[in-house]
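Each chain is listed here by its residues.
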Amino acid sequence: MSEEKKIESLQKEGQIFEPDASKQGQAWIQNMEAYDAANEKALNDPDGYWGDRAKELLTWFSDFDSVLEADYDKPEFKWFSGGKTNVSYNCLDRHLTDGRRNKAALIWQGEPEEDVKVYTYQMLHTEVCRFANVLKKKGVKRGDRVAIYMPMIPELAIAMLACTRLGALHSIVFAGFSSIALQSRIDDCQARVLITADAVLRAGKTIPLKGNADEALKDCPTIEQCIVVKRGGNEINMVEGRDSWWHEEVNAEDITSDCPFEEMEAEDPLFILYTSGSTGKPKGVLHTTAGYLLYAAHTTQCVFDVKDDDVYWCTADVGWITGHSYIVYGPLTLGATSVMFEGVPSYPRPDRFWQIVDKFKVNIFYTAPTVIRALMREGEEWVKNYDLSSLRVLGSVGEPINPEAWLWYHNNVGGGKLPIVDTWWQTETGGIMISALPYATPLKPGSATKALPGISAKIVRRDGSVADANEGGHLIVDKPWPGMLRNVWGNPDRYKSTYFAGFPGAYEAGDGARMDDDGYFWIMGRLDDVINVSGHRMGTAEVESALVAHPDVAEAAVVGMPHDVKGETIYAYVTLKSGVEPDDDLLKALKIWVRKEIGPIATPEFIQFADGLPKTRSGKIMRRVLRKIVEGSDEFGDTSTLADPGVVTDLVEGNKDLL
Ligand code: ATP
Ligand code: MG
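Conventions adopted
Residues numbered from 1 in each chain as written. Chains lettered and ligands numbered in written order. Predicted model: local features only at pLDDT ≥ 70, side-chain atom pairs only at ≥ 80, totals over all residues. Heavy atoms only, no water. Helix = DSSP H or I, 4+ residues; strand = E, 2+ residues; numbered from the N terminus. Rg over C-alpha atoms; globule rule 2.2 N^0.38 Å. Buried < 20%, exposed > 50% of the residue type's maximum accessible area, 1.4 Å probe, protein only. Areas by Shrake-Rupley, 256 points an atom, 1.4 Å probe, with all protein chains shown as cover. Near = heavy atom within 4 Å. Polar contact = N/O pair within 3.5 Å; in protein donor to acceptor, adjacent residues only side chain to side chain. Nonpolar A, V, L, I, M, F, W, Y, C, P; charged D, E, K, R; others polar. UniProt positions renumbered as here; feature names shortened; annotations may be inferred. Contact = heavy atoms within 4.5 Å. Core = buried A, V, L, I, M, F, W, Y, C linked by side-chain atoms within 4.5 Å. Pairing = 2+ DSSP bridges. Axes fitted to C-alpha atoms, helices over the stretch in contact; angles between N-to-C directions.

What follows is about the overall build of the chain. When helices and strands are tallied, the chain shows 19 helices and 31 strands. For a compact globule of 659 residues, the expected C-alpha radius of gyration is about 26 Å, and the chain comes in at 24 Å, within 12% of that figure. When each of the 659 residues of the chain is scored for burial, the buried share is 62%. Of the roughly 24000 Å² that the chain leaves accessible, carbon and sulfur atoms contribute 47%.

As a matter of local geometry, ligand 1 sits amid 21 residues, with T275, S278, T279, T423 and T427 nearest to it. A distance of 2.8 Å separates an oxygen atom of ligand 1 from a polar atom in the side chain of D511. Here an oxygen atom of ligand 1 and a side-chain polar atom of K620 are 3.0 Å apart. Looking at the shell around ligand 1, the elements with two or more residues in it are β21 (420-423) and β26 (521-526). Residue composition of the shell around ligand 1, by class: five nonpolar, nine polar and seven charged.

Another aspect to go through is the UniProt feature "modified residue: N6-acetyllysine" (unreviewed entry) in the chain. The feature "modified residue: N6-acetyllysine" (unreviewed entry), as given by UniProt, occupies K620 in the numbering adopted here. Tracing the chain through its elements places K620 in the loop between β31 (606-609) and α18 (623-630). If near-sequence neighbours (up to four positions away) are discounted, K620 is found in contact with S276, S278, G398, E399, R526, P614 and K615. Of note is the side chain of K620, whose polar atom sits 2.8 Å from the backbone oxygen of G398.

Among the nine residues that make up helix α11 (residues 352-360), eight are buried, leaving the element largely enclosed by the rest of the structure. All buried positions along α11 are accounted for by R352, F353, W354, Q355, I356, V357, D358 and F360.

It is worth spelling out the nonpolar core at this point. Judged by nonpolar contacts, the single largest core of 183 residues is most densely connected at F80, F131 and Y329. If we ignore the near neighbours within four places in the chain, the residues touching F80 are W50, G51, A54, W60, F64, S66, V67, A266, A290, G291, L294 and P482. With 22 residues, the next largest nonpolar core counts L10, I531, A556 and V574 among its residues.

Before going further, it helps to examine the UniProt feature "binding site: CoA" (unreviewed entry) in the chain. Mapped onto this structure's residue numbering, the UniProt feature "binding site: CoA" (unreviewed entry) falls at R202, A203, G204, K205, T322, S534 and R595. Judged by maximum C-alpha separation, these annotated positions cover 394 residues in sequence and are scattered in space, the widest gap reaching 49.8 Å. Structurally, the position occupied by K205 is in strand β11 (residues 205-208). Assessed through its relative accessible area of 56%, K205 is described here as exposed. Ignoring any residue separated from it by four or fewer positions in sequence, one finds K205 in contact with E111 and V200. Note on placement: S534 falls in the loop between β27 (531-533) and β28 (536-538). If sequence neighbours within four positions are ignored, S534 has contacts with K566 and E568.

The buried fraction of strand β25 (residues 507-515) is high, at seven of nine residues. As paired strands, strand β23 (residues 473-477) and β25 are joined by four bridges and run antiparallel to one another. In the strand pairing of β25, I476 is matched with E508. Connecting β25 to the next strand, β26, in antiparallel fashion are five residues, including G519 with a positive phi near 80°.

Further remarks concern the sheet that holds strand β24 (residues 487-488). With mixed pairing, the eight strands of this open sheet are ordered in space as β13-β12-β9-β7-β8-β15-β16-β24. In this open sheet, the two edge strands, each paired with only one partner strand, are β13 (243-245) and β24. Pairing of strand β8 (residues 169-172) with strand β15 (residues 269-274), which is carried by two bridges, proceeds in the parallel orientation. When the sheet's bridge partners are listed, S171 is paired in β15 with I272. Those strands touched by helix α9 (residues 289-304) are β15 and β16 (284-288), and its axis lies near 90° from that of β16. Running at roughly 135° to β15, helix α10 (residues 321-334) makes contact with β8, β15 and β16 of the sheet.

Laid out in structure tokens, this is it:
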């Protein structure tokens, strides 16, 4: 293995937010002593810890014989061998007899304000059984793959749970993706059935969806049936013998509201989900039944402390892992009330989220930094008109949250009081890995704080030795956890080479991070994105955060630009707050600002003002595209997951003007 220079951290420590003493002791893990105790038990006796959690949180039809069999060389991980369970049983059936039958399982807020539906556990059970019977009639059975390409409507959750009832794997493709992205994902997993809708309602528009599905299905020989939900009411093409309407199928006379569930083996495959593609071609991450479900439920409990009476809202799309784990599987396994929202934060006005929090008296709110930065750009007046006093815990996921955005969220949404749990995890990890525990962990804005109990996360150098405090390095996890991915669908070589080849005996995350003197993790960005200026290696997050801390800046992305002398020089793309006009004075001011905030070495040589940045559909900045632009190349690689390809054209123009 080659020698590698360490990644330097330039960040200055900010303020520490101690947990509110009057509220401490209310959460599932009540304080740092309880955290330390749980962590010690989980690390020293993982079988005991995870075995107990599996019995506490899941219902088993047959007990498991062993908790974990791990083989890092193959690699192969088997959790809860011999155990039998079913995901839809755990999410639904058992709540029919535990006192939650009439409790709201799902509160659905459609994009139009008046479109609200509430499903009690009983109602959701009925609908899931009916749709499972539809799938069964279509020949779907254990092990089959079902592709789902749907808007954020209740039928999406119903379809997922129906698949799990029968033991079929779902593969959800976010409805914002193109027909090409859909086609390649269906082709990769060889799905038999596609479930879709006529249209997506988004920002007041009806955006046709079925046409994309038709386009994709021209080249998907494995798809036998396509079931279509009516949402937009727009004119669509139905292919005789292949396509049918959801409502007609579930209302057919022979469809009953009882459908027995399959008793699944713990390690039976549960679903396939493709990663966002920030770093390259998306990977078909495979999760399996018991370990995934346990980990989703366990982390929902630790991190969000969802109580029986709470209204819990995760704003992600179900098409991402965050929606899988924290809208559907985690909350429903716990018997919680989960909000599902069809619309966007900015429509009809940039107060939609706060209006919904007020309307349903949401207690726990989980969103992404990209959303916070976008709302920050519009100003805090939008938050002020609402009563947000029901909120107890705020969460963040998807990217490092810049301290500036953290403080805005804390002060304006959290009234200067609420804890923010900044949750670091990945599609591959199934659930949250590093996060604060609400009302227990002292918080540092910009840090995801500590690994959850039993999660052995470390920062290491290329040679595997543990990095010093504050030395940037590779983030790895050197003990298995139940929610870890079990394969890359159809590509075991990629599974091994991407995650287990770099550091023998450990899972490699691909992110750079450092651990401070208090044992807190600071994610520095993806290792693929590290910038090397005159031999100084820097993560992207700190430089970007320094730029975002300037009052005029809304968002920033930095990349390394090839430089004859320095190797690389820093090139920054900056989006300004609404109403701020870019000019040369501001450009100079920003350079001085960064120099003062973190130092001369991190000062961008070039700053390009931009109206927008290239983001994945899940809202992450795709720096590899930005890097290609500064290299003068137009070979952007796989950009099928880009939200708005037009942004790239604008940036290329801006880059030509600048250089
Ligand atoms: P691909 O693996 O295809 O490039 P992706 O990594 O963007 O796509 P996801 O699994 O959706 O796909 O994202 C996980 C990544 O998101 C993490 O590896 C990390 O870089 C980033 N991330 C998520 N949450 C946080 C967080 N709280 N702080 C910092 N980074 C985060
Ligand atoms: Mg990734």
